[in-house]
Structures are given as C-alpha cells and as structure tokens.
Amino acid sequence: MPSIFSEKKKPSTTTVITLVVLLLVVLLTGVPYLVSIAFAEGPAADASPIFGVTIPVGYKQWELIAPAEEAAPLNELRAVVGNQIAIDAYHDGKLPFPDGTILVKRAWKRTQSPDFATATIPGAATTVQVMVKDSRKYAATGGWGFGRFINGKPVDEAQHRTCFACHEARAKGHDDVFTRLAP
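Throughout what follows, the structure given in this document is the object of discussion. (Residues numbered from 1 in each chain as written. Predicted model: local features only at pLDDT ≥ 70, side-chain atom pairs only at ≥ 80, totals over all residues. Heavy atoms only, no water.)

**Some remarks on the sheet that holds strand β5 (residues 144-150)**
Here's step 1: In space, the six strands of this open sheet follow the order β1-β2-β3-β4-β5-β6, with antiparallel pairing throughout. In this open sheet, the two edge strands, each paired with only one partner strand, are β1 (63-70) and β6 (153-154).
Here's step 2: As paired elements, strand β3 (residues 102-112) and strand β4 (residues 120-133) share ten bridges and run antiparallel to each other. Among the inter-strand pairings, I102 is bridged to a residue of β4, identified as V132.
Here's step 3: Where helix α2 (residues 84-92) meets the sheet, its contacts fall on β1, β2 (76-82) and β3, and the angle it forms with β1 comes to roughly 80 degrees. (Pairing = 2+ DSSP bridges. Helix = DSSP H or I, 4+ residues; strand = E, 2+ residues; numbered from the N terminus. Contact = heavy atoms within 4.5 Å. Axes fitted to C-alpha atoms, helices over the stretch in contact; angles between N-to-C directions.)

Below you can see the structure in the form of structure tokens.
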C-alpha cells in the first residue's frame, strides 16, 4: 500500500486560483487595519506633549455644558462642551467621570458688540483645551489627559506640565473638573 506522503500530487488549477484569491482577500482586508493600528500607536503630529491628546473631530457640534467668562488679563469668553459620555455623567451626577469622557473648552477674546453697547461677543479664538478621561492611561494625573491648542497646534510641554497641578489644587473634590453643568 503506497504512503500518502510519498505521492506527489499537483494541486488543480482551480485550487491554486482559489488559494490565491483567498490570500488576496485576506491581505486586502487586513492591511488597512494593520496600517491603522500602526498609525494609532505612534503620536499624532498635532497631539499634546506628555499626554498625546488631540482635538476631537466634530467637537464643535457637541452639547454645551456651561459658558464662562475669564476676567483680565485673559479677558475671554469660554464655552465648555462635552461628548455624550460627559453629558450623560453630568445629567446623572456621576463622579468620578467615567472613562471615555471628553471635555473641550473653547475660548475667544471678549469683544464689545458693535450693535449693542452693553453686550460682549466672541472675538478672535484664543485656545481649545481638551480633557480626556482614561483612568489607566493617565493614572498619574488623576485619570485625565490634557491638551491645550492654539490655532490647532499643541502648546509646549512646559505649559502642559501645569495642567494637572492646577486642576488638582482647585477642583479635586469634583474629579479635577472646574466646570459644573449650567442650569
């Protein structure tokens, strides 16, 4: 009786074509995924130093949490918006904020309205500031990663080193978040 290992059979053309097609499908569907992972692992060009936080896509359409006004010397109007996780946590009174919470503070120079003498309006944009909650990734900074951006570009590392200390000193009892939900 002949051994199956001693016989050399050629695969049929159909089998070869099927294997080639299957290999191509695997490669074409897997490569974009692997490329996206490779790029996600490295720091983004516009990510904040230390934390790697970026400006979230679509944040200008997020729900308002609260407006604020900053006196001199900054003299700014501000609006804090949040992703749905943040909004839900505020409405539910949930502290600490859950992982995945993202808060974005938009700021503009306060300018007198040309149409109404006692009103102020947003002037030139000054900063976009971002807080991202990830209790494992940012364990050393109360679970929060920070990003401060001017004209879409992150400010220097020295400025980012001041974020957590300021939040911890002034808002520790509210999970290091200054902003309360506007009534």
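**A few points about unusual backbone geometry**
With the exception of glycine, the majority of residues adopt a negative phi angle, and the majority of peptide bonds are in the trans configuration.
Here's step 1: Residue P73 is reached from A72 by a cis peptide bond, and omega for that bond is 10 degrees.
Here's step 2: The topology assignment puts P73 in the loop between β1 and β2.
Here's step 3: In the segment running from L95 into P96, the intervening peptide bond is cis, with an omega of -5 degrees.
Here's step 4: Position of P96 relative to the elements: it lies in the loop between α2 and β3.
Here's step 5: Of note, the phi angle at N151 is positive, near 55 degrees, even though the residue is not glycine.
Here's step 6: Within the element layout of this structure, N151 appears in the loop between β5 and β6.
Here's step 7: In this structure N151 comes out as exposed when scored by relative accessible area, which is 73%. (Buried < 20%, exposed > 50% of the residue type's maximum accessible area, 1.4 Å probe, protein only.)

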